[in-house]
Amino acid sequence: MTEDDADEVLRAFSHPARREILRHCWHERQSAGALTAASGLAAASVSEHLKVLRKCGLVTLHKEGTFRWYSTDRARVADLAAWLRDFPDAVFEEQP
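Please read these numbers as outputs of a predicted model, since none were measured by experiment. (Residues numbered from 1 in each chain as written. Predicted model: local features only at pLDDT ≥ 70, side-chain atom pairs only at ≥ 80, totals over all residues. Heavy atoms only, no water.)

Caption draft 1: A look at the pairing of strand S2 (residues 59-64). Relative to strand S3 (residues 67-72), S2 runs antiparallel, the two being bridged by 6 bridges. Bridge pairing in S3 places Val59 opposite Thr72. In textbook terms, the turn of a hairpin is the stretch between consecutive antiparallel strands, and for S2 and S3 this stretch comprises 2 residues, one of which, Gly65, has a positive phi near 65°. (Pairing = 2+ DSSP bridges. Helix = DSSP H or I, 4+ residues; strand = E, 2+ residues; numbered from the N terminus.)

Caption draft 2: Quick look at the packing of aromatic side chains. The tally for this structure, following the rule as stated, stands at 1 aromatic pair. For the pair Phe67 and Trp69, a centre-to-centre distance of 6.2 Å together with 20° between the ring planes defines the contact as stacked. Since its relative accessible area comes to 52%, Phe67 is described here as exposed. Taking relative accessible area as the criterion, Trp69 reaches 22% and is therefore assigned partly exposed. Between the NZ or CZ atom of Arg29 and the centre of the ring of Trp69, over which it lies, the distance is 4.7 Å. (Phe/Tyr/Trp six-rings, centres within 6.5 Å; stacked < 30°, edge-to-face > 60°. Buried < 20%, exposed > 50% of the residue type's maximum accessible area, 1.4 Å probe, protein only. Lys NZ or Arg CZ within 6 Å of the ring centre and 35° of its normal.)

Caption draft 3: Inspection of the nonpolar core at higher detail. By size, the foremost hydrophobic cluster in this structure holds 17 residues, and its most contacted members are Ile21, Leu35, Leu50, Leu53, Leu58, Val59 and Tyr70. Listing elements by their share of this core, those giving two or more residues are helix H1 (3-13), helix H2 (16-24), helix H4 (43-55) and helix H5 (74-85). Every residue in contact with Leu35, bar those within four places of it in the chain, is listed here: Ile21, His24, Cys25, Gln30, Val46, Leu50 and Tyr70. (Core = buried A, V, L, I, M, F, W, Y, C linked by side-chain atoms within 4.5 Å. Contact = heavy atoms within 4.5 Å.)

Caption draft 4: Summary view of H4. Taking 1.5 Å of rise per residue, the 13 residues of H4 would be expected to cover 18 Å, and the 18 Å separating its terminal C-alpha atoms lies within 8% of that figure. Residues of H4 that are buried: Val46, His49, Leu50 and Leu53. For H4, the angular spread of buried residues about the axis comes to 105°, placing them on one side. Counted as exposed and oriented over 90 degrees from the buried face of H4: Ala44, Lys51 and Lys55. Packed against the buried residues of H4 are H1, H2, helix H3 (32-39), S2 and S3. In the stretch just after H4, Gly57 is the one whose phi turns positive, near 85°. (Expected span 1.5 Å × (residues − 1). Arc of directions from axis to C-beta.)

Structure follows, in structure tokens:
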């Protein structure tokens, strides 16, 4: 994960509603409607949060006919965790 990637993912993680969406999608895929009901947010808000999460790769979209299912990309979360774990060394190695 590059520093720019980490910046984008950390910005996405910084919002509590997005973290909640990631939690709901962690164990099984969820529809936008289910995420809206679970979060108590307006459908438009959930849609915007999903857009941000998809853009940075934290959520994947699976289409089945007219259904759209969202899942947390655990590998992407693991990449972020590894980047954070190695943060001090990675930063010092990138400096000239």
